[in-house]
Amino acid sequence: MLIKSFGSSSKGNSILVGNVLMDAGISPSKINPKPQAVFITHRHGDHIKYMNQWMKRGVRCYSGEIEPSAFGKVINVWDQVKVGNTIVTALPSLHDTENALNFLIDIGDNRVLYEVDNAKRTYFADGVTHYIAECNWDEATLMNNIANGSVPEFQENRLRSTHKSLEILLEELDEMDKSRLKEIWIAHASDRNLNKELAKVAIQEKTGVLVKYA
């Protein structure tokens, strides 16, 4: 299995892509098979919580927001890391930490784009076969929650500036090279601010490919 999700929410994020793990928000005891490396998008707890446990197991962790150590390596935007037959490229992420990253993972003929906690894509990604896409909220559901008082103004502002909406994702899918696209995973979806069924149907209609929940 090319992609295996162990969690993608504010409670914890870890998705295995081939031989590499994206984010360290789920306990290593629950991850199987064991990855050859871990790539961390940013320093929030739901993405980095178990990083030290991976390093204690001898697994190297890469991120733009960690202290360098024997098993921790700092990488920057556009850096490439080779892990076995996998090449991982660091991409820019629009979030509220200093050096947040997203990743492009090339494994043989497959190209996986991993985007979470990214408000809007600022680069062009071509030839993607599998897209793990941030889709955190949608406008109608968020506005309803604002009206009923369950989402305060400060949270609305943060969501709009640091997390991708369904509407923005659909716009980006319009512009994206979909010539090789086979599959989309909805990632980092909010439990209360996203109509998940609406998101799945809208993305399927836009792309004509299989859509799954991470």
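Residue numbering note: each chain is counted from 1, following its sequence as written. Per-residue local features of the predicted model are confined to residues with pLDDT of at least 70, and side-chain atom pairs are confined, for both listing and counting, to 80 or more; whole-chain, interface and lining totals are unaffected and use all residues. Side-chain numbers here rest on the full set of heavy atoms in the structure, without hydrogens or water.

Draft legend 1. Geometry of the sheet that holds strand S1 (residues 3–9). When DSSP locates at least two bridges between a pair of strands, those strands are taken to pair. Put simply, DSSP H or I for four residues or longer makes a helix, DSSP E for two residues or longer makes a strand, and each gets a number counted from the N terminus. With mixed pairing, six strands are arranged side by side in an open sheet as S1-S2-S3-S4-S5-S6. Pairing within the sheet leaves two strands with one partner each, and these edge strands are S1 and strand S6 (72–74). Recorded for the sheet is a direction-independent mean angle of 20 degrees between the axes of neighbouring strands. Axis geometry follows a simple rule: fit a line to the C-alpha atoms, using only the stretch in contact for helices, then measure angles between N-to-C directions, giving values from 0 to 180 degrees.

Draft legend 2. Here's a closer look at the packing of helix H5 (residues 166–175) against helix H6 (residues 196–207). The N-to-C vectors of H5 and H6 enclose an angle of 10 degrees; their axes lie 10 Å apart at closest approach. On the basis of their axis angle, the class for H5 and H6 is roughly parallel. Here H5 contributes Leu166, Leu169, Leu170, Leu173 and Asp174 to the contact with H6, which in turn contributes Leu198, Ala199, Ala202, Ile203, Lys206 and Thr207. Any residue that is not Ala, Val, Leu, Ile, Met, Phe, Trp, Tyr, Cys, Pro, Asp, Glu, Lys or Arg is counted as polar, Gly included; the first ten are nonpolar and the last four charged. Broken down by class, the residue content of the contact of H5 with H6 amounts to eight nonpolar, one polar and two charged. Throughout this description, any angle smaller than 35 degrees is read as roughly parallel, any larger than 145 degrees as roughly antiparallel, any in the 65 to 115 degree range as roughly perpendicular, and the remainder as oblique. By the convention used here, residues are in contact when the closest approach between their heavy atoms is within 4.5 Å.

Draft legend 3. Spatial organisation of the side chain of His47. You can see His47 is positioned in helix H1 (residues 45–48). There is a polar contact of 3.4 Å between the side chain of His47 and the side chain of Asn13. We define a polar contact as two N or O atoms separated by no more than 3.5 Å, with the added condition that, inside protein, one atom must be a possible hydrogen donor and the other a possible acceptor, whereas residues neighbouring each other in sequence contribute only through side-chain atom pairs. Among the polar contacts listed, one links the side chain of His47 to the side chain of Asp117, at a separation of 3.3 Å. Those residues within four positions of His47 in sequence are excluded, and the remaining contacts are Asn13, Asp23, Ala24, Gly25, Ile40, Thr41, His42, Val116, Asp117 and His188.

Draft legend 4. Molecular detail of H6. A helix is expected to span 1.5 Å multiplied by its residue count minus one. Its twelve residues give H6 an end-to-end C-alpha distance of 17 Å, which sits within 8% of 16 Å, the value for a rise of 1.5 Å per residue. Where H6 is concerned, the buried positions are Ala199, Ala202, Ile203 and Thr207. One side of H6 holds all its buried residues, which, seen down the axis, span an arc of 110 degrees. Turned more than 90 degrees off the buried face of H6, the exposed positions are Glu197 and Glu205. Backbone geometry just after H6 places Gly208 at a positive phi near 75 degrees. Only protein chains enter the accessibility calculation, which uses a 1.4 Å probe. A residue is then buried if its area is under 20% of the maximum for its type, exposed if over 50%, and partly exposed in between. By arc we mean the arc of the directions from the helix axis to the C-beta atoms, nothing more.

Draft legend 5. Up close: the packing of aromatic side chains. Any two rings among Phe, Tyr and Trp, with Trp reduced to its six-membered ring, count as a pair given centres within 6.5 Å; such a pair is stacked if its planes are under 30 degrees apart, edge-to-face if over 60, and tilted if neither. Considering all chains together, one arrives at three aromatic pairs under this definition. Arranged with centres 4.8 Å apart and planes meeting at 10 degrees, the rings of Phe39 and Tyr62 form a pair that is stacked. Here Phe39 is found in strand S4 (residues 37–40), whereas its partner Tyr62 is found in strand S5 (residues 60–63), with 23 residues between them in sequence. On the basis of relative accessible area, Phe39 is assigned to the buried category, the value being 0%. Overall, Tyr62 belongs to the buried group, its relative accessible area being 9%. Consider the rings of Phe39 and Phe103, whose centres lie 5.5 Å apart with planes at 65 degrees: the pair is edge-to-face. Within this pair, whereas Phe39 is found in strand S4, its partner Phe103 is found in strand S9 (residues 101–107), the two being separated by 64 residues in sequence. On the basis of relative accessible area, Phe103 is assigned to the buried category, the value being 0%. Clustering of aromatic rings is evident, with ring pairs tying together Phe39, Tyr62 and Phe103.

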